[in-house]
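Spelled out, the chains give:
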Amino acid sequence: MSDILESTPAELTSLPLIYRGKVRDVYGIDDRHILIVATDRLSAFDVVLPTGIPGKGAMLTAISNFWFERTRQIVPNHLDLATVTLEQALPDPAERARVEGRAVVARKLRGLPVEAIVRGYLIGSGWKDYRTSGAVCGIALPAGLRLAERLPEPIFTPSTKAAVGDHDENVSYEAVVAQIGAGLAAQVRDTSLRLYREAAAWALTRGIIIADTKFEFGLDEHGTLVLMDEALTPDSSRFWPADQYRAGSNPPSFDKQFVRDYLETLDWNKQAPGPALPEEILERSAAKYREAMTRLTGL
């Protein structure tokens, strides 16, 4: 882990901290449940930055919970399977108040070692791959596509699941099959595509294009596929304002791409430690997260 994460004390003392991710801290409750706390930390280029976005953890939690509720008919999620309440997990009101709005009790799962990425538009690393090979993750695409162009159909483009401080790498679907088996790989792919189509259609009615997104899945003790971690947030997706979208140019965004674009202007090698963000960037980023949350969820 990076020095930034190691030097950050645990927010809670009544539960054991079992994992510290780029954004979320995970605490143990019992042998079937965990407590997930979304922090205000921000990860860009797989590096956790030293300055967080004010209120980001609460906004990410609200957005994820909205999507978990909306997509539970497609796939169960880690909140659905929990039988312990937040009050039971954190009976001390003072301690619970420190993470209220940012903490959820979730079912403990066996996470799959793959990032399930779906792309509906050609942007980011997908655009770079396409310009080099005419394909993304081994999927051949039509010639002549422009930056940010909508793809004929959404595509499943998985990546490795990197440790904190390491970089995810795009892999082929065949590599996922080799790692987790053909049946489970097909289930992850098909579920991811269905989730994306459902969410993208809803978001468009709210004036937001979901250009791409990342899902994480786990298995319960019965081998059932379960959606976990976060879902369709500004951290795990690219959100574009539909009224400003133009194929051929990089659209403005509601997500942390705004921070990535700022970081690209700096003389930084994208290795830890990351640079501190100025107050203006923090405030504008928080406003973008807030607008995305309000548009999507009505909160």
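This one's a predicted model, so the numbers in the text were calculated from it and none came from an experiment.

> Before we go on, may I ask you to explain the sheet that holds strand 3 (residues 33-38) in this structure?
Where strands meet in a sheet, backbone hydrogen bonds hold them as pairs that are either parallel or antiparallel. Judged by pairing direction, the sheet is antiparallel, and its four strands sit side by side in the order 1-2-3-6 without closing on themselves. The two strands at the open ends of the sheet, each matched to only one other strand, are strand 1 (17-20) and strand 6 (103-107). Shown here is a sheet whose adjacent strand axes are inclined to one another by a mean of 25 degrees, direction ignored. Relative to strand 2 (residues 24-28), strand 1 runs antiparallel, the two sharing three bridges. Within strand 2, the position partnered with R20 by the bridge is D25.

> How do you make sense of helix 2 (residues 56-71) when you look at a structure like this?
At 3.6 residues per turn, the α-helix brings residues three or four places apart onto the same side. Helix length check: helix 2, at 16 residues, gives a terminal C-alpha distance of 22 Å against a target of 22 Å (1.5 Å per residue), a fit within 8%. For helix 2, the tally of buried residues reaches twelve of 16 residues, placing the bulk of the element in the interior. Those residues of helix 2 that sit buried are K56, G57, M59, L60, T61, A62, I63, S64, F66, W67, F68 and T71. Next to the buried residues of helix 2 lie strand 2, strand 3, strand 6, helix 7 (182-205), strand 13 (225-228) and helix 9 (279-297).

> Explain helix 5 (residues 124-133) here, please?
Those residues of helix 5 that fall on the buried side of the exposure criterion are G126, W127 and Y130. Buried residues of helix 5, viewed axially, fall in a sector of 100 degrees; they line one side. Across helix 5 from its buried face, at more than 90 degrees, point the exposed residues K128, T132 and S133. Buried residues along helix 5 sit against strand 8 (116-121) and strand 9 (135-136). Looking one or two residues beyond helix 5, the residue adopting positive phi is G134, at roughly 75 degrees.

What counts, and at which threshold
Here the residue numbering is sequential within each chain, running from 1 through the sequence in written order. Since the coordinates come from a predicted model, pLDDT governs what is reported: local features require at least 70, and pairs of side-chain atoms require 80 or more to be given and counted, while whole-chain, interface and lining totals use all residues. Excluding hydrogens and water, the side-chain figures rest on all heavy atoms present in the structure. In this scheme, strands are said to pair when DSSP sees at least two bridges between them. A run of H or I in DSSP becomes a helix once it reaches four residues, and a run of E becomes a strand once it reaches two; helices and strands are each numbered from the N terminus. Fitting a line to C-alpha atoms yields each axis, with helices limited to the stretch in contact; the angle taken between N-to-C directions then spans 0 to 180 degrees. For a helix, the expected span equals 1.5 Å multiplied by the number of residues minus one. Think of it in three bands: residues with accessible area under 20% of the maximum for their type are buried, residues over 50% are exposed, and the middle band is partly exposed, with areas taken using a 1.4 Å probe on protein chains only. Note on contacts: a residue pair qualifies if any of its non-hydrogen atoms lie within 4.5 Å across the two residues. Comment: arc refers to directions from the helix axis out to C-beta atoms.

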